[in-house]
Every structure is written in C-alpha cells, then in structure tokens.
Amino acid sequence: MTTQSSLDGIYYDGRQPVGVKATLNISGMGVTMTGQVAAQHYRLADLHVSPRIAQADRFINLPDGGQVQCPDSTLLDILPQETSEGLIAWLEAKVVVAVLGIGTIITAMLAGYFYGLPLAAEHVAARVPVETERAIGEQGLAWLEEHKWLQPTTVSENVQTDIRQDFDTLRQGLAQESHYRLEFRNAPVLGANALALPGGTIVVTDALVNLAGSRDELAAVLAHEIGHIEKRHTLRLMLQNSAVVLVVATVIGDAATLGVAGVPAVLAQAKYSREFESEADEFAFALLKQRGISPENFAEIMLRMAQQDQKSKSKQPPGFLSSHPLTQDRIERAREAARKVDSQGAGSELP
Amino acid sequence: MTTNQEFPDPAAGPVDVSRVCTASDAPWDERNDLLADAIRLSAEKPAEAEAQVRRLIEQGININARAGTERTALELAAYYETPANIRSMLTCASREGRAQASTPSAPPVAVPAATERVLDIEFRGSAREYFRIWAVNLCLTLLTLGIFSAWAKVRKKRYFYSRTTFDNTPFQYLGQPLPILKGRIIAVLLFLVWYLSSHFFVALMPVVIGVAAVLAPWVLVRSAAFNARYSAFRNMTFGFNASYRDAILTLYAWGLIPLILIGGFIAWKWQQPMLLGIALAVFAFYVPFWLARIKRFLVGRTLFGGTAGKLSITGGNYYFIYFKAGLIVSGLSILAGIAVFAITKTASNLAAGEEIAMLALLPFYLVYVFAYAYSQAQTGNLVWNNTQLGPVRFQSVLTGRGLAWLYITNGLAVLLSLGLLIPWAVVRSFRYRAQRLRGLLQGEWGTFRGSETSTVHAAGAEVGEIFDLDFSL
C-alpha cells in the first residue's frame, strides 16, 4: 500500500447539480482531492464508495457531504464499501457464473415443478382440515343453483336411496368419511356428469343416473369423485397453481409488460389437473376392488359417456391442453385394473 | 400531438449515439447560429451556405431538415451528399422557417427554442451485461424461496440507474434491501388475507376491501417517497412531499361517485341494463380524470433541488387518447373478426377446426397489443411533454407503431428462447424509451439548490426508519 495512486472523476458538492473535475490521490491511509476545487484531505476510512455494478461509474461519498463520480477501478476496492454487495457484484461479473446460474434456475424450476411443489402441497394439504374448504364448496353450489346450472332433481326417492346406500358403503372407513354429502341435481347444461365440490359435497346429475347401466357403474363414478376429495385435490391444486403463478411472475417479472406471462402458467397448470384426474382414477380402482366392485364398471360408464359425447358431436381438445386424460387411456387403465383384480383378488391397499 | 416527429427513425435501426455525441461537442447555441446563418445565406450565396452545412454535418449536428423530421448527422451525410440536395434542403428550410434555429416552440412536442440546451438521455448498458446480473439474481431468488428478491431488486435498479445518463451524468439508486424486504413481506401478508377471505371466509370480504381502501393512499405515498428519497442525481436526492391526507384527497375526493355506483352494482346486483349502462358510462367517463389527478399529484409533489415538478394535463387529454384507443380496438376487431370468420369457415370445410380455432385468437391479441402500445405511447408522451421541473422540460416522441413492434418482437423472442432472452428484451425496451426522451434546459443547472439533507451522504445515514417501506414492484 505504499504506491500512490489517483482517480480522476467529477466532484459534486451537493448544493448545486453542477460538477467540476477532480482528482483523488490515495496514499497510505489518506486521500487528497485536487482539481477545480480547493484541495482537501480526508482519511481513507471516512470515504464510502457505492457498490460495483457492471462497468458503470461509481460514486465516492466524502465525509463533508460531497461526492466524486468516477469510472470503476480496482483501486476502489481498498476504500470502505457503502454496502456489502461485493460478493454479488463479483458473481455478476463472471460469465461462467451466469451460465451455471441459468443451469441452476432450470434445474430448480423443473425439480420444483415435478417433485418439490406437488410434495409440499400434499404435506400442507394433509395438515389443513377439510372443513376450511367447505365455504368454497357452498359458494360454488349456491352460484351454480342461482344461475340455473343446477335445478331440483327428478330422480325418484327409491333410486336415490339405493345410490346413497352404495355411497355409504364406499365412504365407510375413509379418512374424510364424516364430511361426505351426496346431492342429486338436474343439470341439462352439464349433461351426464358428477362434481366433487371442496369440503366433501358430491353432486350427481340426473342425466348420469339415467345413463348408468347398473348401480355398480354409478358407484365407479362416485369412487372417482371420492378420490378427488380424499386426496384433497382442490386445496392441492390451489396451492400448486398459486406457487406456479408466483414463480412465473418472478421469472417473467421484468418482461411482464410483454403480455405473455399467462401462457406458461396456464400450460403448467393443465398438467397438474390431468395428474389429479389420473390419481382420482387410481384411487377409484383400488376403492372399488376393496369393496368388491370390478373397475370394469368404470370402463363401461366412461364408454357410455364417450358415446354420448360423440352423439352431441363435441370434440376433445388436443391432449396437451386437456385437463382430463384422454378417455381411451382411462378406459384402458380401468380394464387393466380389472384384470389385476381377477388375478390377485380383492382387498388391496388404497393408494 | 403529431407522431411523425421522431429523433431517430426506428426502421433504420439503432443509431450509434456515441458517434453522434462525440461529434456534436460544439455548444448547441453556436451550432444553431451557424445553421441560421446558412439559411440566410442560401438566398444570395448558395455556395457558401452549402459549405457551411457541410461543416455542420461533419461536426455531427442534428438538423431538422424538414418539418418535424430530425435526422442525425450520419443519416444527413448520406442524404445531402450532393450540392443539389443541400441546396434544396436549405431552400426548403428557409421557406418554411422550420430549421431548429428559427423554429418557435410549439407544445406539446416542440423543437428546442434557441436558448434551450438539449439534455440527452442515454442508456449505456447492454443486454450482455444485464444478462449476467439477471441470471445471478434470479438464481439466488429462486434458491432462497424469494427472500433474496429484495436484494435482486436493488441490484437491478442500481444497474438501470447507473447505466442511464441525463446530460452525461448517471443516476444513482440508494435503496436498501431491508425496507424492500419489509414492504414485500407486508404485501404478501395482505395478499394472503385477501386470497383467504375471497376463497374461504367470504363474510370478511367487505372488511378486507374497506381496509384496502384505507391503506391504498398510505401505500401510494410511502412508495413514492421511498423511490424519490433513494434516487439521486449529481449528489442530490429527490423528494416527495405529500401527506397521507393529500393522498386520500387525490384518490377519493371525486372517487366517491364511481365508488358508490360500482358498490351499488355489486351490493344490489342491479339487473336493469339501463342502470348498469349509466353506472359504466359514468365510470368510463371518470377514469381518465382520476388518472390525470393521480399523475398530477405524483409529479407535482416530487421535488428536486428545492423545486417541485409541475404537470399541466387534464383528464380531457387522457380521455381523448383512450377514446382513440377504443376506436382502434373496435375498428381492428371488426377486421380481425372478418378474417377469423373467413379462416374458420375454410378450416371447418377442411375439417381441421380445433387447432385453427386456437390460432383464430391471434388477430384479437394483436389488436389488443396495438391498442395497448398506442395508449402507452400517447400517455407517455402526454405526461413527459407536459412535465416541467424548474428550468427543465422534456420531449418524448414515443410512437404506437414503434412500441407495438417492440412488444411483438420481444414477446416472440422471449417465448421462442424459453425466457432466456428476457434480459435482452428488457434492455431493448429501456433503450428505446431512453432514445425517444430528452430534456431541454432553459437557464442553468445552478437554479436547483441542494441542502444538508438532500446529499447522498445524508440519505445513506437515515436508512432503517420504521416506516421506510417500499411496495413497488
């Protein structure tokens, strides 16, 4: 530290936004400022230099309120630093670090998306009681009724009682057993359908009851909906989707005005919905087997629904955008599950 | 109002600003005088006038050759190579009296008056530099589950401030990560409360909305104050001098009318289309005036060197822009609708409907982008061209077409590169905006007066106040 070194810059006194040329001569523990200003002497320890950022000019604050703006130089490293951003600045200067950083970002995002997020959401959901979701479910039901999507059922009391009986058999001994409620509604808009509302309410449409060829077929659909609730899909989907939106917003953040932020989020979320459908299917197959009903019934009713869809000529959206796995896949998996029952017998563990 | 007044032509690609700047070191006034001389001479001594202009072009002057089109030296050199061209330019200029030297200022977009000095705004960074900063900070943000985002914001702002020069001096960002982190934690908590109440505890919703309405003016003032206080230029920090009460008056004084209308709409669920129509019309009419009010408040309360900013716009100005943007949307939507109809019709004949139906949304998206770009450009110009800060005023010449091109190309680049070109797109947008904005100084920088408390040194010492919060993104 014996060599004398100097920095050329512009001095601003802070009283007027007018700069004059100045030179800082650093020697030992002191600094002398000369130039178009009255010569001044400062202790090195009293100066504070702004953090390095790219190769931009830096600002040296003097103890009397003055400031010298000067080009970046390694000489500035020996001055007291204003903040401790030095390490970040050092990382930012390296191309290798940037490349590694991009690699880490991609790895972290993929790992989070495929493993971390679903796992975390599952753990959180397991700790939140189903009751908290009830409000959402009730709101949803009220909305659907208010807008005439759901109307009073025309299914006879006898049939309802039969189905309720099957439903009770299905839910017996499940973790959320006490929260389930079964509702029948006439819903011309929805066609043959069943809905699992958050909080444990399952709505079956009249068209579905009429479409089903047997009680077991209807039970297969109910088992699928029970799977959604038992596996806490509503809450997990909400948690996972909000996290995806947050991450996408953080990454895109800068470029938010480009108006493309929504696209990746929507694409990413569609995958989760599809996975939950498959998970509910798998749960349903195992539950049916346990209760002595063949998953073949699930395949049957899926076929009936598909045939009806064909009649009403509504096409499936392309696979990657769809939230339901393509019907053919689901039917095949149900049949496979049914074959396994035949070979292994009933009573397998629920997933 | 005219949009054809541009500094550089975007179609010609980025102008090499550094070359123009080094060449145009001659003082502005002197160059204007020389040009005025040349125009006077052109009538009787064309040869001398021509030589004069050649010298000016060599020096790199920016000349308004024709009404409104300012060209840089490099372009001019190519244009006026031949004596005949230079002569025709001079005759044209002297006849129209449009050369810079003799043009009186005509707001909102005016060529500088003879006594004004141009203060260039330049962005001196590069996509390469910003890419490294972006990658490192984003990586650390993700690895720390978002906590590092406050530090990342500081680095980003520091970069863009330090790389932006005004009259050849960079800005300085002084914000510290901890107040930003505090602000973000509070924002996340507020968001959670809102999210939970909107989904789970609906009965609480009115209370949450009420609290948000009370907090909004406070958030507005805190953020504006933080940003002003921690932005410095030439060792003088900016200031924002407004109380919570001022913000309430700005946001809500006339806001009660649309609030009652909208509140009534939500609470009583007005079914009559008539009432709904009236409510929406009043609201649509009111919004531009409200925006103008907020802008005037933000600019008018910003201080630099003891001088408060002044923004002289009315809601009427905004109204006009939004009205035209509305016309663009409806006009282009009809065209897009016809195109989509034609495409889907052919497509359904070919029995390949579904995928093409997705593409059919594209024209509407483009219409939206164009209308957005138009209103962004026009409102940006409106605000800058009517802002006065002591002896400094501004000229902004953004164009809707330029911004739309920027948005579309940036969007494509980001999508196709899976996000890797985000830093490039951000830098490009920033540079474009900087290129199309400049200041004009009438008088001296010395008119601004700093104080003990406005030095960077003083701002650094007070960091850590309890209400030192930043909520802005």
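As a starting point, this report considers the structure included with it. (Residues numbered from 1 in each chain as written. Chains lettered and ligands numbered in written order. Predicted model: local features only at pLDDT ≥ 70, side-chain atom pairs only at ≥ 80, totals over all residues. Heavy atoms only, no water.)

### Digging into the overall build of chain A
Scanning chain A for helices and strands turns up 10 helices and 11 strands. By the burial criterion, 45% of the 351 residues in chain A qualify as buried. In chain A, once contacts between residues fewer than 6 apart in sequence are set aside, the share between residues at least 24 apart is 61%. When the accessible surface of chain A is summed, it comes to about 17,200 Å², and 57% of that surface belongs to carbon and sulfur atoms. (Helix = DSSP H or I, 4+ residues; strand = E, 2+ residues; numbered from the N terminus. Buried < 20%, exposed > 50% of the residue type's maximum accessible area, 1.4 Å probe, protein only. Contact = heavy atoms within 4.5 Å. Areas by Shrake-Rupley, 256 points an atom, 1.4 Å probe, with all protein chains shown as cover.)

### Description of the overall build of chain B
In terms of helices and strands, chain B carries 18 helices and 12 strands. For chain B, with 473 residues in total, the buried portion stands at 47%. Sequence-distant contacts in chain B: of pairs separated by 6 or more residues, those separated by 24 or more amount to 76%.

### Some thoughts on the sheet that holds strand β2 (residues 19–27) of chain A
Residue and element names in this part refer to chain A. Pairing within the open sheet is antiparallel, and its 7 strands lie in the order β4-β3-β2-β1-β7-β6-β5. Looking at the sheet topology across the chains shown, the edges are occupied by β4 (40–43) and β5 (48–49). For strand β1 (residues 5–12) and β2, the ladder comprises 8 bridges, and the chain directions are antiparallel. Across the sheet, the residue bridging to Ser6 is Asn25, located in β2. (Pairing = 2+ DSSP bridges.)

### Quick word on helix α4 (residues 157–171) of chain A
All names here are of chain A. Spanning 15 residues, α4 covers 21 Å between terminal C-alpha atoms, matching the ideal 21 Å at 1.5 Å per step. When we look at burial in α4, the residues that qualify are Gln160, Ile163, Asp166, Phe167, Leu170 and Arg171. The arc enclosing the buried residues of α4, seen along the axis, measures out at 130°, which places them on a common side. Facing away from the buried side of α4, by more than 90 degrees, are the exposed residues Glu157 and Asn158. One or two residues past the end of α4 sits Gly173, with phi positive at roughly 85°. (Expected span 1.5 Å × (residues − 1). Arc of directions from axis to C-beta.)

### Side note on the side chain of Arg163 of chain B
Topologically, Arg163 of chain B is positioned in the loop between α7 (149–162) and β4 (164–166). Side-chain polar atoms of Arg163 of chain B contact the side chain of Glu129 of chain B, separated by 2.6 Å. Discounting residues that sit within four places of it in the chain, Arg163 of chain B has contacts with Gln55 and Ala56 of chain A together with Glu122, Phe123, Arg124, Gly125 and Glu129 of chain B. (Polar contact = N/O pair within 3.5 Å; in protein donor to acceptor, adjacent residues only side chain to side chain.)

### Quick look at the packing of aromatic side chains
Residue and element names in this part refer to chain B. Counted by the stated rule, this structure contains 35 aromatic pairs over all chains. Measuring from centroid to centroid gives 5.6 Å for Phe285 and Tyr319, while their planes differ by 65°, and the two rings are edge-to-face. Taken as a pair, Phe285 in helix α12 (residues 273–300) and Tyr319 in helix α13 (residues 315–349) lie far apart in primary sequence, 34 residues in all. Among the residues examined, Phe285 registers a relative accessible area of 48% and is labelled partly exposed. Chaining the aromatic ring pairs together yields one cluster made of Phe166, Phe171, Phe233, Phe238, Phe304, Trp384, Phe394, Trp445 and Phe448. The ring of Trp445 carries Arg234 above its face, with NZ or CZ at 4.9 Å from the centroid. (Phe/Tyr/Trp six-rings, centres within 6.5 Å; stacked < 30°, edge-to-face > 60°. Lys NZ or Arg CZ within 6 Å of the ring centre and 35° of its normal.)

### Section: unusual backbone geometry
Residue and element names in this part refer to chain B. Positive phi outside glycine occurs at Leu145, with the angle close to 55°. Mapped onto the secondary structure, Leu145 falls in the loop between α6 (127–143) and α7. Positioned with a positive phi, Asn235 is a non-glycine residue whose angle comes to about 60°. One can find Asn235 in the loop between β6 (231–233) and β7 (236–240).

### With respect to the interface of chain B and chain A
If you look at the interface, chain B gives 62 residues, while chain A gives 60 residues. Note that Arg155 of chain B is salt-bridged to Glu92 of chain A, the shortest N-O span being 2.6 Å. If you look at where chain B meets chain A, you find 13 residue pairs in polar contact (both at pLDDT 80 or more). Take the side of chain B that touches chain A: its biggest share by element is 14 residues, from α6 of chain B. For the side of chain B that touches chain A, a count of residues per class yields 34 nonpolar, 17 polar and 11 charged. (Salt bridge = Lys/Arg side-chain N within 4 Å of Asp/Glu carboxyl O. Nonpolar A, V, L, I, M, F, W, Y, C, P; charged D, E, K, R; others polar.)

### Describing the sheet that holds strand β8 (residues 151–152) of chain A
The strands that make up a sheet are held in pairs by hydrogen bonds between backbone atoms, and each pair lies either parallel or antiparallel. Residues and elements named next belong to chain A. Across the sheet, which stays open at both edges, the 4 strands sit in the order β8-β9-β11-β10 with mixed pairing between neighbours. Single-partner strands in this sheet number two, and they are β8 and β10 (194–196). Where strand β9 (residues 181–186) lies against strand β11 (residues 201–205), 5 bridges are found, and the strand directions are parallel. Its bridge partner being in β11, Arg181 is matched across the sheet by Thr201.

### A short note on the side chain of Thr455 of chain B
As for its placement among the helices and strands, Thr455 of chain B is situated in the loop between β12 (437–442) and α18 (456–461). Thr455 of chain B gets classed as buried once you look at its relative accessible area, which sits at 6%. At 3.5 Å, the side chain of Thr455 of chain B forms a polar contact with the backbone oxygen of Glu452 of chain B. Once residues within four sequence positions are removed from consideration, Thr455 of chain B is found in contact with Gly14 and Gly65 of chain A together with Asn235 and Thr237 of chain B.

### Some points on the packing of helix α8 (residues 177–199) of chain B against helix α9 (residues 205–229) of chain B
Residues and elements named next belong to chain B. Here α8 crosses α9 at 160°, and the two axes come no closer than 11 Å. Considering their axes alone, α8 and α9 lie roughly antiparallel with respect to each other. The handedness of the crossing between α8 and α9 comes out as left-handed. Taking contact as the criterion, the partners of Pro179, Ile180, Leu190, Val193, Trp194, Ser197 and Ser198 in α8 are, on α9, Met205, Val208, Leu215 and Phe226. (Axes fitted to C-alpha atoms, helices over the stretch in contact; angles between N-to-C directions. Parallel < 35°, antiparallel > 145°, perpendicular 65-115°, else oblique. Left-handed = near helix turned anticlockwise from the far one by under 90°.)

### Notes on the pairing of strand β3 (residues 30–35) of chain A
Residue and element names in this part refer to chain A. Note: β2 against β3, 6 bridges, orientation antiparallel. Counterpart to Ala22 in the pairing with β3 is Gly35. Between the end of β2 and the start of β3, which pair antiparallel, lie 2 residues, with Gly28 showing a positive phi angle near 60°. Across 4 bridges, the pairing between β3 and β4 is antiparallel. Looking across to β4, one finds that Thr32 is bridged to His41. Between β3 and the antiparallel strand that follows it, β4, lie 4 residues.

### Some points on the packing of helix α15 (residues 361–385) of chain B against helix α16 (residues 400–416) of chain B
Each pair of packed helices can be summarised by the angle the axes make with each other and by the distance between the axes. All names here are of chain B. Packing of α15 against α16 brings their axes to within 8 Å, and their N-to-C directions diverge by 130°. When the interaxial angle is binned, α15 and α16 end up oblique. The two elements α15 and α16 meet at a crossing, and its hand is right-handed. On α16, the residues that touch Leu366, Val369, Phe370, Tyr372, Ala373, Tyr374, Gln376 and Ala377 of α15 are Gly400, Arg401, Leu403, Ala404, Tyr407 and Ile408. Its residues assigned to classes, the contact of α15 with α16 comprises 11 nonpolar, 2 polar and 1 charged.

### Observations concerning the pattern of salt bridges
Across all of its chains, the model carries 27 salt bridges over all chains by this definition. Across the pair Glu145 of chain A and Arg185 of chain A runs a salt bridge, and its minimum N-O distance is 2.7 Å. Here Glu145 of chain A, found in helix α3 (residues 131–146), pairs with Arg185 of chain A, found in strand β9; they are 40 residues apart in sequence, far enough to count as distant. Close ionic contact of Asp246 of chain B with Arg301 of chain B constitutes a salt bridge, the shortest N to O distance being 3.0 Å. Of this pair, Asp246 of chain B sits in helix α10 (residues 244–252) while Arg301 of chain B sits in the loop between α12 and β8 (302–304), and the two are 55 residues apart along the sequence. Accessibility expressed as a relative area gives 17% for Asp246 of chain B, which makes it buried.

### As for the nonpolar core
In terms of nonpolar packing, the biggest core is built from 58 residues, with Tyr130, Tyr159, Phe166, Val392 and Trp445 of chain B touching the most fellow members. Ranked by residues supplied to this core, first place goes to α6 of chain B with 7 residues. One finds Ala212, Ile226, Ala284 and Ile331 of chain A within the second-largest nonpolar core, a separate group that totals 38 residues. (Core = buried A, V, L, I, M, F, W, Y, C linked by side-chain atoms within 4.5 Å.)

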